[in-house]
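Structure at a glance
Now for the letters of each chain:
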Amino acid sequence: MDLVADVLQIIAEYKGLDVTEVTPERSFQELGIDSLDAIDIIYEIEDRFGIDVPQDALDLQKAKTVGDVVALVTKLAAERSDA
Amino acid sequence: MPSSSDGSARGGPVRAVVTGLGVVCAIGRNQAEFLGALREGRSGTSRITAYDPSWFNTQVGAEVRDLSFDPYLPVNEQRLLDRQSLLAIAAAAEAVADSGFDTTGEEDRCGVVMGTGMGPSVAHSEALAEVAVNHRKPRPTTIPKCMYNAPSGHLSMLYQCQGPSSMAVAACASSAVALAQALQMIRAGVADAFLTGGTESFPSYALMAAWDALPVMSKRNDAPETASRPFDQERDGFVMGEGAAVLVLESEAHARARGARIYGELAGVGLSSDAAHITRPQQRGPELALAKALADAGLNATDVDYINAHGTATPINDVVESRAIEAVFGPHAAKLMVSSTKSAHGHTIGAAGAIEAAATLLGLHHGFVPPTINFTAPDPECHLDYVPNQAREAPIRVGLSNSFAFGGHNVVLVLRRYDG
């Protein structure tokens, strides 16, 4: 799915990683993504997909993996196309 | 390296020497280019490229061109830094390599003091636009980018300086204040070595528009290279610049113990405040700073060979500064060489004190005086030897560097050739 690939690509570019290293099961900690990075990545995603991620949608205390971000963006994108 | 905060090699008061110089500005992306341009009297002024200046009265500036920050920081990390920090990192990398500075084993004895005038104005403007135009919260990375103190924070992390670190903010005197604070901390034994200097990015579009509303910049848009002409009768204001300079400043004992090459000594500072007007130059404050600087360095007026003037090229500054020099130096003023290197690299605001200290130190070290370029017709009210147009070979022993800022902050640095 393009959306998933795009999210992985954004995260890889942000952290200067090869895109093959960024998979849904990998944790933020493994990829060196701190809370500031995570918020900034959400902004990148908002710009790319034209979606609005509510500030409390992604609990950075609980979201631990790339997959958590992918799931959230997939849900928000689906809601937008339903609207 | 042995720790040595207990006095100079001679057992007298602690002296501080400069062992590394890194410079980035419109006339040079490194020390060698900067030195060449000073010797050749090259201008770094051209039409502004950072944004469309066509609706401004002033359409010229002295920008840093063709400089990649990739050698200094991974591309994906650069987005967390405003240009003021990136310029500082480029200058610091050169200074550190130049000096062989290594903090390993004495991290807590090494510090950072930098200066900035207008701070991270580009990041501020972007955040404002995000709110005003897009009605969206700016990115959270705006906060670390918008910290005025970010350059010092990044340098402390990059070079593991675990002693004091901070930024000085005093408009056009910011980096001269930074050097003064570093010197005073070395003298006080607080630390043995500092990365010190200043950084200033070209103002954001919004800030430059505001500068353009203040009638202080040159409007010589048809001949940018000649726009900055300090002490010249035809001068019509300063040219906005950008850049950074970082000096490695160490106690003499520390530098000698590690066998470092020494460019010169920061022998004293004079600090004063006009306490009069927020923008209008005064004569009394600069006089006080000049006199205090000589006293701090234990020098007589006749010991001074050269003054790197504040020399902005505004009609009022250059007259007031010349009068202050005449008042303090008396008959010796006629023998002084006085130049403004802002004629070449523009007014780099918060980086000016450090860039001009670097120019003075290179003059001391290589035995020449950088010229005031674009000097064709002397102002009848400015009577000194302004070293017009051509660099002058001269064995200078003592050079001063003046920084007189909006806000009435005045700093004079005393730089002395180091003869051991």
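Residues numbered from 1 in each chain as written. Chains lettered and ligands numbered in written order. Predicted model: local features only at pLDDT ≥ 70, side-chain atom pairs only at ≥ 80, totals over all residues.

1. Considerations on the overall build of chain A
Here is the rule we go by: Where helices and strands are cited, they refer to DSSP runs of H or I of at least four residues and of E of at least two residues respectively, numbered from the N terminus. Only C-alpha atoms enter the radius of gyration; for comparison, a globular chain is expected to reach 2.2 Å times N to the power 0.38, where N is the number of residues. We call two residues in contact if the C-beta atoms placed from their backbones are at most 7 Å apart.
For chain A, the helix and strand inventory stands at 4 helices and 0 strands. Listing each helix as α and each strand as β along chain A from the N terminus yields α-α-α-α. Taking 12 Å as the expected radius of gyration for a compact globule of 83 residues, we find that chain A reaches 12 Å, a close match to that expectation. Long-range contacts, defined here as pairs at least 24 residues apart, represent 60% of the contacts in chain A between residues at least 6 apart.

2. Comments concerning the overall build of chain B
Secondary structure summary: chain B contains 13 helices and 14 strands in total. Over its C-alpha atoms chain B spans a radius of gyration of 20 Å, differing by no more than 12% from the 22 Å that the globule rule assigns to 420 residues. With respect to the three principal axes, the spread of C-alpha positions in chain B is 60 × 55 × 40 Å. Nonlocal contacts in chain B, meaning residues at least 24 apart in sequence, comprise 80% of its contacts between residues at least 6 apart.

3. Describing the sheet that holds strand β9 (residues 306-308) of chain B
All names here are of chain B. Applied cut-off: Pairing between strands is defined by DSSP: at least two bridges between the two strands are required. Angular values range over 0 to 180 degrees, each being the angle between N-to-C directions of two axes fitted as lines to C-alpha atoms, with helices fitted over their stretch in contact.
Strand order in the open sheet formed by 10 strands is β5-β4-β6-β7-β1-β8-β14-β13-β9-β10, with mixed pairing between adjacent strands. Looking at which strands have only one partner, the edges of the open sheet turn out to be β5 (165-168) and β10 (337-339). Adjacent strand axes in the sheet meet at a mean angle of 25°, parallel and antiparallel pairs treated alike. Bridge analysis of strand β1 (residues 16-25) against strand β7 (residues 243-251) gives 9 bridges, and the strand direction is antiparallel.

4. With respect to helix α11 (residues 315-329) of chain B
Since the α-helix advances by 3.6 residues per turn, residues separated by three or four positions end up pointing in the same direction. Residue and element names in this part refer to chain B. Rule in force here: Working rule for helices: expected span equals 1.5 Å times residues minus one. Burial in this document is a count-based property: other C-beta atoms within 10 Å of a residue's C-beta are tallied, and the residue is buried at 20 or more, exposed at 12 or fewer, or partly exposed in between, with C-beta positions derived from the backbone.
The end-to-end C-alpha distance of α11, which contains 15 residues, comes to 22 Å, matching closely the 21 Å that a straight helix rising 1.5 Å per residue would cover. Those residues of α11 that fall on the buried side of the exposure criterion are Asn317, Asp318, Val320, Glu321, Ser322, Ala324, Ile325, Val328 and Phe329. Phi turns positive, to about 55°, at Gly330, one or two residues after α11.

5. What about the interface of chain A and chain B?
For clarity, the cut-off: Each residue is assigned to one class: nonpolar for Ala, Val, Leu, Ile, Met, Phe, Trp, Tyr, Cys and Pro, charged for Asp, Glu, Lys and Arg, and polar for all the others, Gly among them.
Opposite the 8 residues of chain A that make contact, chain B presents 6 residues. Looking at the side of chain A that touches chain B residue by residue, the classes come out as 4 nonpolar, 1 polar and 3 charged.

6. Overview of the domain arrangement of chain B
Residue and element names in this part refer to chain B. As a reminder, the rule being used: Source of the domain bounds: an automatic or database domain assignment.
What the domain assignment reports for chain B is domain 1 (16-257) and domain 2 (268-416). Computed from C-alpha atoms alone, the centre-to-centre distance between domain 1 and domain 2 is 20 Å. Between domain 1 and domain 2, the contact holds 57 residues from the first and 56 residues from the second. For the side of domain 1 that touches domain 2, the secondary-structure elements that each account for two or more residues are β1, α1 (31-40), α7 (174-187), β6 (193-200) and β7. The element best represented in the side of domain 1 that touches domain 2 is α7, accounting for 7 residues. Residues belonging to the side of domain 1 that touches domain 2 are distributed by class as follows: 29 nonpolar, 20 polar and 8 charged.

7. Overview of the nonpolar core
Operational definition: In plain words, the nonpolar core is the set of buried Ala, Val, Leu, Ile, Met, Phe, Trp, Tyr and Cys residues that C-beta atoms within 7 Å link up.
Within the largest apolar cluster, 129 residues are counted, with the highest numbers of intra-cluster contacts made by Ala91, Leu179, Leu247, Leu249, Ala358 and Leu413 of chain B. Structurally, this core is a two-domain feature, drawing no fewer than three residues from each of domain 1 (16-257) and domain 2 (268-416) of chain B. Beyond its immediate chain neighbours, meaning those up to four positions away, Ala358 of chain B contacts Leu21, Val23, Ala245 and Leu247 of chain B. With 13 residues, the next largest nonpolar core counts Val22, Ile45, Val69 and Val70 of chain A among its residues.

8. Details of unusual backbone geometry
Excluding glycine, residues mostly have negative phi values, and the peptide bonds linking residues are mostly trans. Residue and element names in this part refer to chain B. Although it is not a glycine, Ala171 sits at a positive phi angle of roughly 50°. Residue placement: Ala171 occurs in the loop between β5 and α7. Phi is positive for Ile349, which is not a glycine, with a value near 50°. Tracing the backbone shows Ile349 in the loop between α12 (342-345) and α13 (352-366).

9. Side note on the environment of His345 of chain B
Residue and element names in this part refer to chain B. In this structure, His345 sits in helix α12. Overall, the presence of 32 C-beta atoms within 10 Å leaves His345 in the buried class. Distance in space between the C-alpha atoms of His345 and Leu158 is 28 Å, their sequence separation being 187 residues. When neighbours within four sequence positions are excluded, His345 is seen to be in contact with Cys25, Ala26, Ile27, Gly44, Ala62, Gly241, Gly243 and Ile355.

10. Comments concerning the packing of helix α10 (residues 284-297) of chain B against α11 of chain B
All names here are of chain B. Short version of the rule: By definition in this entry, angles of less than 35 degrees are roughly parallel, angles greater than 145 are roughly antiparallel, angles of 65 to 115 are roughly perpendicular, and the rest are oblique. Crossings are classed by handedness, with left-handed meaning an anticlockwise turn of the near helix from the far one by less than a right angle and right-handed meaning a clockwise turn.
Contact pair α10 / α11: the axes reach a minimum separation of 9 Å and the direction vectors enclose 45°. Between α10 and α11, the interaxial angle falls into the category oblique. Between α10 and α11 the crossing geometry is right-handed. When α10 is examined against α11, the residues Pro286, Glu287, Leu290 and Ala291 are found in contact with a partner set consisting of Glu321, Ala324, Ala327 and Val328. Each residue belonging to the contact of α10 with α11 can be placed in one class, and the counts come to 6 nonpolar, no polar and 2 charged.

11. Structural notes on the packing of α7 of chain B against α13 of chain B
All names here are of chain B. Contact geometry for α7 and α13: axes closest at 5 Å, N-to-C directions at 70°. Classed by the angle they form, the pair α7 and α13 counts as roughly perpendicular. On α13, the residues touching Ser174, Ser175, Ala176 and Leu179 of α7 are Ala352, Gly353, Ala354 and Ala357.

12. Topic: the pairing of β1 of chain B
Residues and elements named next belong to chain B. Across the 10 residues that make up β1, a large majority, 10, are buried. The sheet contact formed by β1 and strand β8 (residues 264-273) spans 3 bridges and is antiparallel. Across the sheet, residue Val17 finds its bridge partner in β8, namely Glu265.

13. A few points about the pairing of strand β4 (residues 110-115) of chain B
Looking along a regular strand, one sees side chains alternate from face to face of the sheet. Residue and element names in this part refer to chain B. β4 sits mainly inside the fold: 6 of its 6 residues count as buried. Side chains of β4 alternate between two faces, with Cys110, Val112 and Met114 and Gly111, Val113 and Gly115 buried alike. By the bridge criterion, 6 bridges tie β4 to β6 in an arrangement that is parallel. Within the sheet, the bridge partner assigned to Val112 lies in β6 and is Leu195. Where β4 lies against β5, 4 bridges are found, and the strand directions are parallel. The residue bridging Met114 from the neighbouring strand is Met167, located in β5.

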